[in-house]
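# Commentary on secondary and tertiary structure
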2 protein chains.
Amino acid sequence: MDEFGLIRRYFTRRARYAGVIVGVGDDGAILEPAAGLQQVQVIDTVVEGVHFPRGLPAADVGYRVVAVNLSDIASMGAVPRWMTLALTLAGQDEQWVEGFASGLFEAADAHGVDLVGGDTTRGEVAVATVHVTGEIEAGRALLRSGARTGDTVFVTGSPGDAAAGLSLLEDGRGDDYLTRRFRRPTPRIATGRALVGVASACIDVSDGLVGDLRKLCEASGVGADVDVGSLPLSDDIVAAFGRDRAIEFALTGGDDYELCFTASADAVAGLDGVTAIGVITDGGAIVCRRDGAIVDVDDGGYRHFA
Amino acid sequence: MDEFGLIRRYFTRRARYAGVIVGVGDDGAILEPAAGLQQVQVIDTVVEGVHFPRGLPAADVGYRVVAVNLSDIASMGAVPRWMTLALTLAGQDEQWVEGFASGLFEAADAHGVDLVGGDTTRGEVAVATVHVTGEIEAGRALLRSGARTGDTVFVTGSPGDAAAGLSLLEDGRGDDYLTRRFRRPTPRIATGRALVGVASACIDVSDGLVGDLRKLCEASGVGADVDVGSLPLSDDIVAAFGRDRAIEFALTGGDDYELCFTASADAVAGLDGVTAIGVITDGGAIVCRRDGAIVDVDDGGYRHFA
């Protein structure tokens with residue numbers, strides 16, 4: 001059973017506290033501790049050797065663990081306010097901690113987020129977990145579940161760059177645009193805020209564009225048609241990997257921390273860095289087309305039909 | 001540099017958001033997201049092989065990670081409301097997850113706490129991090145910093161039992177009162193609530209009674225005289241280990257998740273399960289006396305002076 005199945009099966013229960021507006025299952029939880037005040041709370045872990053390569057500079061690890069949480073806040077349309085940190089060290093020295101803290105605060109400062117508490121422990125691998133509390137106007141949070149047939153599917157930035165950058169890092173390649181997109185994700189807080197009242201549904205892309213779009217569609221009870229030719233590929237990824245592999249990275253690579261959202265086709269005029277890539281359908285399937293032909297995309301990657 | 005030094009040096013910064021009432025450095029953070037509404041937020045991690053032995057039943061791991069967080073909520077005098085979970089699995093199977101969830105919800109249900117979100121990942125060791133949000137009447141949270149010379153020092157329960165139980169577990173011993181005190185800590189939520197407006201300072205005992213009392217005294221700018229003869233040792237720990245080792249476990253063992261607090265001597269009349277063990281002094285030192293003689297207690301354990 002995969003992560004999502006485990007969560008659904010063992011950790012999803014009806015909340016009893018009336019202040020729980022949205023519980024397990026969206027990008028973040030929505031709580032209403034007082035009438036008219038809603039919070040978004042998110043938690044995300046990065047594990048050495050799983051979510052980042054051993055040897056990634058400590059400052060990048062600190063930056064990433066904040067950024068991936070802020071991306072969840074962005075996907076709900078909320079404003080991040082404060083965070084707590086649980087850090088497990090495995091032989092990392094004080095210099096590592098200093099670097100980690102510098103990256104952590106760099107990401108937090110960029111969005112006005114205070115670190116208010118934490119817990120430091122020792123373990124066998126380094127693990128950093130951050131919890132962020134954000135605020136959202138009551139009833140206005142962006143959910144996964146609001147997409148409707150005929151909505152346009154949009155994505156921010158240029159998906160695929162981070163996964164391409166990670167593959168370069170794993171080959172020992174250094175500091176360039178693509179690796180930086182992995183090391184320093186950009187949480188789309190401002191775009192998320194601009195989408196409140198505009199987008200019908202939103203999710204942040206952490207596990208790959210098609211996989212996360214599928215979660216949005218499942219939550220909304222719809223399907224989607226994606227036009228692969230309209231994917232906003234960066235010049236860098238096409239130059240480094242060619243168009244076919246770039247498309248594969250964009251559709252299934254993960255680690256993008258871009259927003260994938262649905263809205264009416266003309267609703268996002270004036271929003272920079274947003275590209276229409278498809279349309280919501282009333283089937284349940286995610287169909288990707290390239291030059292009119294259906295391409296097969298699954299968890300194992302991306303393949304053309306012969 | 002130890003955990004506390006690292007936190008002080010690299011993770012303590014002045015908060016900019018006006019809603020941060022107490023940040024890094026107490027048992028939990030106090031936030032004021034709206035006028036008159038205060039929250040307590042805590043985060044704690046348990047790591048396989050560090051905070052619990054490999055082979056500890058999954059239900060106990062789930063129970064413990066919730067209980068240790070609720071203990072921090074208790075030490076602030078707050079009411080726990082909801083929690084989020086970040087779980088890293090390392091080869092644990094679905095049966096383990098089922099057991100973990102059952103223990104987690106058992107601890108949460110005992111205190112009316114909802115699980116509202118989370119993140120499940122894969123790693124090389126099992127790590128569970130829980131974040132709890134509680135509520136406290138504005139300005140009423142119990143802090144570490146309010147102890148005054150002449151206050152009486154109290155402790156709940158019978159400290160030492162959990163550490164004694166852990167040593168039995170590590171020797172392969174099974175299910176009895178002492179091991180259960182390790183496997184299933186009791187967060188003292190009701191006592192914490194009763195201490196609001198009564199205790200001058202409070203901390204939860206996770207790292208050992210003397211060590212945590214030292215943190216309380218440092219935060220308050222005072223010292224303490226502890227009467228070792230008045231420690232509330234359980235019959236079980238004395239029977240299993242003798243009085244001397246029982247005292248050592250009680251003073252330095254850790255994992256108690258009892259509350260250590262200060263108040264006037266008569267302020268706690270009617271509170272069950274609370275024992276006076278000493279007095280706050282205006283020196284900076286923690287002095288432990290047994291039958292009038294000073295005993296030396298340090299991080300390395302507990303020793304009689306010759």
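No experiment lies behind these values; they were computed from the predicted model shown.

What follows covers the environment of Gly 99 of chain B. Residues and elements named next belong to chain B. Among the structural elements, Gly 99 can be located in helix α3 (residues 94-109). As a C-alpha pair, Gly 99 and Asp 60 span 39 residues in sequence and 8.3 Å in three-dimensional space. Setting aside its immediate chain neighbours within four residues, Gly 99 contacts Ala 58 and Ala 59.

Attention shifts here to the pairing of strand β5 (residues 114-122) of chain A. Residue and element names in this part refer to chain A. The buried fraction of β5 is high, at seven of nine residues. Alignment of strand β4 (residues 79-89) against β5, held across eight bridges, turns out to be parallel. Following the sheet pairing, Leu 87 is matched in β5 by Thr 120. Following the chain from β4 across helix α3 (residues 94-109) to the adjacent parallel β5, one finds a crossover that is right-handed.

Non-glycine residue Tyr 257 of chain A carries a positive phi angle of around 55°. Within the fold, Tyr 257 of chain A resides in the loop between α8 (235-252) and β10 (258-263). Look at Tyr 257 of chain A and you get buried, because its relative accessible area is 9%. Although it is not a glycine, Asp 291 of chain B sits at a positive phi angle of roughly 50°. Positionally, Asp 291 of chain B belongs in the loop between β12 (286-290) and β13 (293-298). A residue is classified by how much of its surface remains accessible, and Asp 291 of chain B, at 76% relative accessible area, is exposed.

It is worth spelling out the interface of chain B and chain A at this point. Counting from both sides, the interface comprises 65 residues of chain B and, opposite them, 65 residues of chain A. Buried surface at the junction of chain B and chain A, both sides included, amounts to about 5,500 Å², of which 60% is carbon and sulfur. Of all residues in chain B, Tyr 10, Phe 11 and Ile 43 of chain B bury the most surface against chain A, accounting for 12% of the area lost on that side. Salt-bridge contacts for Glu 124 of chain A lead to Arg 54 of chain B; the nearest nitrogen and oxygen are separated by 2.5 Å. Remark: the boundary between chain B and chain A carries 16 residue pairs in polar contact (both at pLDDT 80 or more). Broken down by secondary-structure element, the contributors of at least two residues to the side of chain B that touches chain A are α1 (3-11), β1 (20-22), β2 (29-34), β3 (37-47), β4 (79-89), α3, β5 (114-122) and β6 (127-137) of chain B. With nine residues, the top contributor of residues to the side of chain B that touches chain A is β5 of chain B. Among the residues making up the side of chain B that touches chain A, the classes are represented as 33 nonpolar, 16 polar and 16 charged.

Attention shifts here to the state of the cysteines. Residues and elements named next belong to chain A. Evaluated as defined, the whole model comprises zero disulfides over all chains. Here Cys 202 is not disulfide-linked; the sulfur of Cys 260 is the nearest cysteine sulfur, at 7.7 Å. By relative accessible area, which is 0% here, Cys 202 ends up buried.

So, about the packing of helix α4 (residues 161-170) of chain A against α8 of chain A. All names here are of chain A. Running from amino to carboxyl end, α4 crosses α8 at an angle of 120°, the nearest separation of the two axes being 10 Å. For the element pair α4 / α8, the angle class is oblique. Along this stretch, α4 crosses α8, giving a crossing that reads as right-handed. Along its contact with α4, which presents Asp 161, Ala 163, Ala 164, Ser 167 and Leu 168, the element α8 presents Ile 237, Phe 241 and Phe 249. The residue makeup of the contact of α4 with α8, split by class, is six nonpolar, one polar and one charged.

For the rest of this paragraph, the subject is the sheet that holds β6 of chain B. All names here are of chain B. With mixed pairing, the six strands of this open sheet are ordered in space as β1-β2-β3-β6-β4-β5. In this open sheet, the two strands that pair with only one neighbour each are β1 and β5. Averaged over all pairs of adjacent strands, the angle between strand axes in this sheet comes to 25°, irrespective of strand direction. Inspection of the sheet shows β2 paired to β3 by four bridges, in the antiparallel sense. Within β3, the residue paired with Ile 30 across the bridge is Val 40.

Of the residues in chain A, 95% reach a pLDDT of 70 or more, and the chain-wide mean stands at 91. Note that pLDDT drops below 50 for residues 300-306 of chain A; the model gives that stretch 19 contacts with residues more than four away or on any other chain.

On to α3 of chain A, then. For α3 of chain A, spanning 16 residues, the distance from its first C-alpha to its last is 22 Å, which sits close to the expected 22 Å at 1.5 Å a residue. Those residues of α3 of chain A not exposed but buried are Trp 96, Val 97, Gly 99, Phe 100, Ala 101, Gly 103, Leu 104, Phe 105, Ala 107 and Ala 108 of chain A.

The rules behind the values
Position numbers for residues count from 1 along each chain, tracking the sequence in the order it is written. For naming, the first written chain is A and the first written ligand is 1, with later ones following in the order written. In keeping with the predicted nature of the model, local features appear solely for residues at pLDDT of at least 70, side-chain atom pairs appear and are counted solely at 80 or more, and the whole-chain, interface and lining totals rest on all residues. In computing side-chain properties, one takes all heavy atoms of the structure into account and sets aside hydrogens as well as water. Labels follow the DSSP assignment, with helices taken as runs of H or I lasting at least four residues and strands as runs of E lasting at least two, numbered in each case from the N terminus. We call two residues contacting when some pair of their heavy atoms lies within 4.5 Å. Exposure is judged per residue with a 1.4 Å probe applied to protein chains only, and the accessible area is read against the type maximum: over 50% gives exposed, under 20% gives buried, and values in between give partly exposed. We call two strands paired when DSSP finds no fewer than two bridges between them. Assignment of crossover handedness uses the view with strands pointing away from the viewer, where a clockwise path from the first strand over the helix to the second indicates a right-handed crossover. What gets called buried area is simply the loss in accessible area from a 1.4 Å probe that two parts show on being joined, summed for both. Any Lys or Arg side-chain nitrogen found within 4 Å of a carboxyl oxygen on Asp or Glu counts as a salt bridge. Nitrogen and oxygen atoms within 3.5 Å of one another constitute a polar contact, given that in protein one can donate a hydrogen and the other can accept it, and given that sequence-neighbouring residues count only through two side-chain atoms. Any residue outside Ala, Val, Leu, Ile, Met, Phe, Trp, Tyr, Cys, Pro, Asp, Glu, Lys and Arg is labelled polar, Gly included; the first ten of those are nonpolar and the last four are charged. For this text, the term disulfide refers to a pair of cysteine sulfurs within 2.5 Å. For helices, the axis comes from a line fit to the C-alpha atoms of the stretch in contact; other axes are also lines fit to C-alpha atoms, and the angle between any two N-to-C directions lies between 0 and 180 degrees. In what follows, roughly perpendicular refers to angles from 65 to 115 degrees, roughly parallel to angles under 35, roughly antiparallel to angles over 145, and oblique to any angle outside these ranges. Here a crossing is taken to be left-handed if its near helix is turned anticlockwise relative to the far helix by less than a right angle, and right-handed if that turn runs clockwise. Per residue, pLDDT captures the predictor's confidence, and it can take any value from 0 to 100. Multiplying 1.5 Å by the residue count of a helix minus one yields the expected span of that helix.

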